[in-house]
Amino acid sequence: MSIKNVMVIGAGQMGSGIAQVCAQAGFQVKLNDLKEDFVQRGMGVINKNLSRSVEKGRMTEEDKEKVLSNLTQSTDLQDASDVDLVIEAAVENMEVKTNIFKQLDEIAPQHAILATNTSSLPITEVAAATNRPQKVIGMHFMNPVPVMKLVEIIRGLATSDEVYQEIEDMTKTLNKVGVEVEDFPGFVSNRVLMPMINEAIYTLYEGVATKEAIDEVMKLGMNHPMGPITLADFIGLDTCLYIMETLHEGFGDDKYRPCPLLRKYVKAGWLGKKTGRGFYTYE
């Protein structure tokens, strides 16, 4: 099977980025979300990204129009009835994801691969909601998708070798680097990154240093492009908390216990850059 038609579910930051790179690689892409407003907002982000590439001389106006012509808008899951691959990038919630996959299992053609862009949830559990667990796989893209090279490709317990190979080949077509990862909580990226961020928040909570000092130590001392407190704000503190809770529950180890200060900020609605306030304040 060769993948030609793709549906991306979720037109937020991750979904629109995934749709963009798929369309740029020549795939026919349907960008789907619950409401037309959400889809149009996602298309607006794609348009803005492509326009910036034209301004910087990375692509021509003609290239941009070609990419946009590969994209169609969708607000109905039934539109998955003729695709070869679905990449789900909905909210990081197991109930939401399993519900989507149950529906996709009935709608998508038998040959279609169902992928999830989850950053921490078990692929095996998502796959169990379908009658085709061998065709379910994780494709964890990094944010911002058009810029970041990595895709963690996560096998569920039943994922077939053929499906893994299809997705690895497609990842290369997207000009990304696919890394094979087994199905454990947080995979590799968030299992390593999130405890570091959580520990940085503990360091702030315990008064070891200011947030600025903690970020400066990691930038200048460890050559990180962004400090962990700033990074937490950019990821979203609610997302950080959710992933820490997933790790804590998945491993049953208190080294993954979320910092009380992180919980406090999330309860206050201070979720980071997206709400204008997290550990830092954003205009």
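Residues numbered from 1 in each chain as written. Predicted model: local features only at pLDDT ≥ 70, side-chain atom pairs only at ≥ 80, totals over all residues. Heavy atoms only, no water.

Comments concerning the overall build of the protein
The test is simple: Strands are runs of DSSP state E lasting at least 2 residues, helices are runs of H or I lasting at least 4, and numbering of each runs from the N terminus. What the globule rule says is 2.2 Å times the number of residues to the power 0.38, and the radius of gyration is computed from C-alpha atoms. Summary of the burial criterion: residues with accessible area below 20% of their type's maximum are buried, those above 50% are exposed, and those between are partly exposed, where the area comes from a 1.4 Å probe applied to protein chains only. Only heavy atoms matter for contacts: two residues are in contact if any of them lie within 4.5 Å across the pair. Note on areas: these come from Shrake-Rupley sampling with a 1.4 Å probe, and a residue is covered only by the protein chains present in the view. His residues and chain termini do not enter the charge count, which takes Lys and Arg as positive and Asp and Glu as negative. A single reference atom marks each charge: NZ on Lys, CZ on Arg, CG on Asp, CD on Glu.
For the protein, the helix and strand inventory stands at eleven helices and eight strands. A globule of 283 residues ought to have a C-alpha radius of gyration of about 19 Å, and the protein, at 19 Å, matches this closely. Overall size of the protein, expressed as C-alpha extent along the three principal axes, is 55 × 45 × 30 Å. The buried share of the protein, reckoned over its 283 residues, is 50%. Look at the contacts in the protein between residues 6 or more apart in sequence, and 67% of them connect residues 24 or more apart. A total of about 14,000 Å² of accessible surface is found on the protein, and carbon and sulfur atoms cover 51% of it. For the protein, the distance from the average site of its 29 positive side-chain charges to the average site of its 39 negative ones is 5 Å.

Description of the side chain of Ser120
Relative to the helices and strands, Ser120 is located in the loop between strand E5 (113-116) and helix H5 (123-127). Once you skip the residues sitting within four places of it in the chain, Ser120 turns out to touch Glu92, Pro185, Gly186, Phe187, Ile243 and Thr246.

Here's the deal with helix H9 (residues 228-235)
All buried positions along H9 are accounted for by Pro228, Ile229, Thr230, Ala232 and Asp233. Contact partners of the buried residues in H9: helix H7 (189-205), helix H8 (211-222) and helix H10 (237-251). Just past H9, the residue Gly236 takes up positive phi, approximately 110°.

Remarks on the UniProt feature "binding site: NAD(+)" (unreviewed entry) in the protein
To be explicit about the condition: UniProt positions are given in the numbering used here, feature names are shortened, and annotations may be inferred rather than shown by experiment.
Look at the UniProt record and you will see "binding site: NAD(+)" (unreviewed entry) annotated at Gly10, Ala11, Gly12, Gln13, Met14, Gly15, Asp33, Glu92, Lys97, Ser119, Asn143 and Lys274. An extended arrangement is adopted by the annotated residues: their sequence extent is 265 residues, and the largest C-alpha distance between any two is 22.6 Å. Mapped onto the secondary structure, Gly15 falls in helix H1 (residues 13-24). Residue classification places Gly15 among the buried positions, given a relative accessible area of 1%. In contact with Gly15, not counting residues within four places along its chain, are Val8, Gly10, Leu31 and Ala89. With respect to the helices, strands and loops of the structure, Lys97 is situated in helix H4 (residues 94-107). Other than its neighbours up to four places away in sequence, Lys97 contacts Glu88, Ala90, Val91, Glu92, Thr116, Thr118 and Leu121.

What to know about the environment of Asp33
Quick note on the threshold: Pairing of N or O atoms within 3.5 Å defines a polar contact, subject to two protein rules: one partner must be a possible hydrogen donor and the other a possible acceptor, and residues neighboring in sequence count only if both atoms are side-chain atoms.
Mapping Asp33 onto the fold places it in the loop between strand E2 (28-32) and helix H2 (36-55). With relative accessibility at 14%, the residue Asp33 sits in the buried group. Sequence separation of Asp33 and Ala90 is 57 residues, and the distance between their C-alpha atoms is 8.5 Å. Contacts of Asp33, omitting those with residues within four sequence positions, involve Gly10, Ala11, Gly12, Phe38, Val39, Ser74 and Thr75. Within the structure, Asp33 has its side chain in polar contact with the backbone nitrogen of Ala11 (distance 2.8 Å).

Topic: the domain arrangement of the protein
Test applied: Residue ranges assigned to each domain were obtained from an automatic or database domain assignment. In short, buried area is how much 1.4 Å probe accessible area vanishes from two parts on joining, totalled over both. Here, a salt bridge means any Lys or Arg side-chain nitrogen found within 4 Å of an Asp or Glu carboxyl oxygen. Classes in brief: Ala, Val, Leu, Ile, Met, Phe, Trp, Tyr, Cys and Pro nonpolar; Asp, Glu, Lys and Arg charged; the others, Gly included, polar.
Assigned domains within the protein: domain 1 (5-182) and domain 2 (190-275). The centre of domain 1, based on its C-alpha atoms, is set 27 Å off from the matching centre of domain 2. With seven residues of domain 1 in contact, the opposing surface of domain 2 contributes four residues. On the domain 1 side of the contact with domain 2, Glu92, Ser119 and Ser120 bury the most area, a combined 66% of that side's loss. Linking domain 1 with domain 2 are zero salt bridges, by the criterion used here. Linking domain 1 with domain 2 are two residue pairs in polar contact (both at pLDDT 80 or more), by the criterion used here. A per-class count over the side of domain 1 that touches domain 2 returns two nonpolar, four polar and one charged.

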